[in-house]
Amino acid sequence: DVKVTQSSRYLVKRTGEKVFLECVQDMDHENMFWYRQDPGLGLRLIYFSYDVKMKEKGDIPEGYSVSREKKERFSLILESASTNQTSMYLCASRSGLAGRWDEQFFGPGTRLTVL
Amino acid sequence: GESVGLHLPTLSVQEGDNSIINCAYSNSASDYFIWYKQESGKGPQFIIDIRSNMDKRQGQRVTVLLNKTVKHLSLQIAATQPGDSAVYFCAEISYNQGGKLIFGQGTELSVKP
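*Asks:* In this structure, what is going on with the state of the cysteines? I would like to understand it.
*Replies:* Tallied over the full model, the rule gives 2 disulfides over all chains. The residue that forms a disulfide with cysteine 23 of chain A is cysteine 91 of chain A, at a sulfur-sulfur distance of 1.9 Å. Between cysteine 23 of chain A and cysteine 91 of chain A, the S-S dihedral sits near -75°, and the bridge is therefore left-handed. Of this pair, cysteine 23 of chain A sits in strand β3 (residues 19-25) while cysteine 91 of chain A sits in strand β9 (residues 87-94); the two residues are 68 residues apart in sequence, bridging distant segments of the chain. Taking the relative accessible area as the measure of exposure, cysteine 23 of chain A reaches 0% and is therefore buried. Residue pairing for cysteine 23 of chain B: its cysteine sulfur links by disulfide to cysteine 90 of chain B, the two sulfurs lying 1.9 Å apart. Judged by the torsion about the S-S bond (60°), the cysteine 23 of chain B/cysteine 90 of chain B disulfide is right-handed. Residue cysteine 23 of chain B is located in strand β3 (residues 19-25), and its partner cysteine 90 of chain B is located in strand β9 (residues 86-93); the two are separated by 67 residues in the primary sequence. The exposure classification of cysteine 23 of chain B matches that of cysteine 90 of chain B, with both residues buried.

What follows is the structure in structure tokens.
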């Protein structure tokens, strides 16, 4: 059974803290993605990675960075958390640019609250 | 910029009825469309897709219709069941724009027993 796991389901942090959100996939996928999901705005792409040590900005990268040191793991970093980063964060992975979209799988999400 | 949106944010149907969830898209050059289902506490799950050169595609109890003339996409669920209760998203992909998914806001489907 394919799986994308995220390190935390719920997280509460304070403004200014450094926050790490971890995502691990066990499908040997090349592509991994970080989205945030907000009411009325849908899912928006923050960053993605085509391969180890590669990263590309998505549509809303400001305030975030990422790390992909191993193929199976893609980390999202909030260098200095702010209240407007309170959101649901979803990780996803897919087999390749030419891969089928029915083979893109999402993790369960991390609901981050920044106080 | 380009966007994908849904006509109705909520939809309530009786168990056993058919459900229709609608989506409007604005990029006439989009190549591919996907419907996702997101249950409470879970990430989105792929339901069905359709290429821009098709106007209809059927799956198990689900049908997606694409009307490129009016840039409209719909998801039809036959004999809706309580387990169908979820938020449904449409998404579009334009390969000449990097092949990134652009998601709609979502419609919450509630099935009454």
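*Asks:* Looking at this structure, how should I read the packing of aromatic side chains?
*Replies:* Given two aromatic rings, one states the distance between the centres and the angle between the planes to describe the pair. All names here are of chain A. Within the structure shown, the criterion is met by 11 aromatic pairs over all chains. Summarising the aromatic geometry, the rings of tyrosine 35 and phenylalanine 106 are spaced 5.8 Å apart at their centres and angled 40° between planes, so their arrangement reads as tilted. Pair noted here: tyrosine 35 is in strand β4 (residues 31-38) and phenylalanine 106 is in strand β10 (residues 105-106), with a separation of 71 residues, a long-range link. Across the pair, phenylalanine 106 and tyrosine 35 agree in class, each one buried.

Criteria and cut-off values
- Residues numbered from 1 in each chain as written.
- Chains lettered and ligands numbered in written order.
- Predicted model: local features only at pLDDT ≥ 70, side-chain atom pairs only at ≥ 80, totals over all residues.
- Heavy atoms only, no water.
- Disulfide = S-S within 2.5 Å.
- Helix = DSSP H or I, 4+ residues; strand = E, 2+ residues; numbered from the N terminus.
- Buried < 20%, exposed > 50% of the residue type's maximum accessible area, 1.4 Å probe, protein only.
- Phe/Tyr/Trp six-rings, centres within 6.5 Å; stacked < 30°, edge-to-face > 60°.

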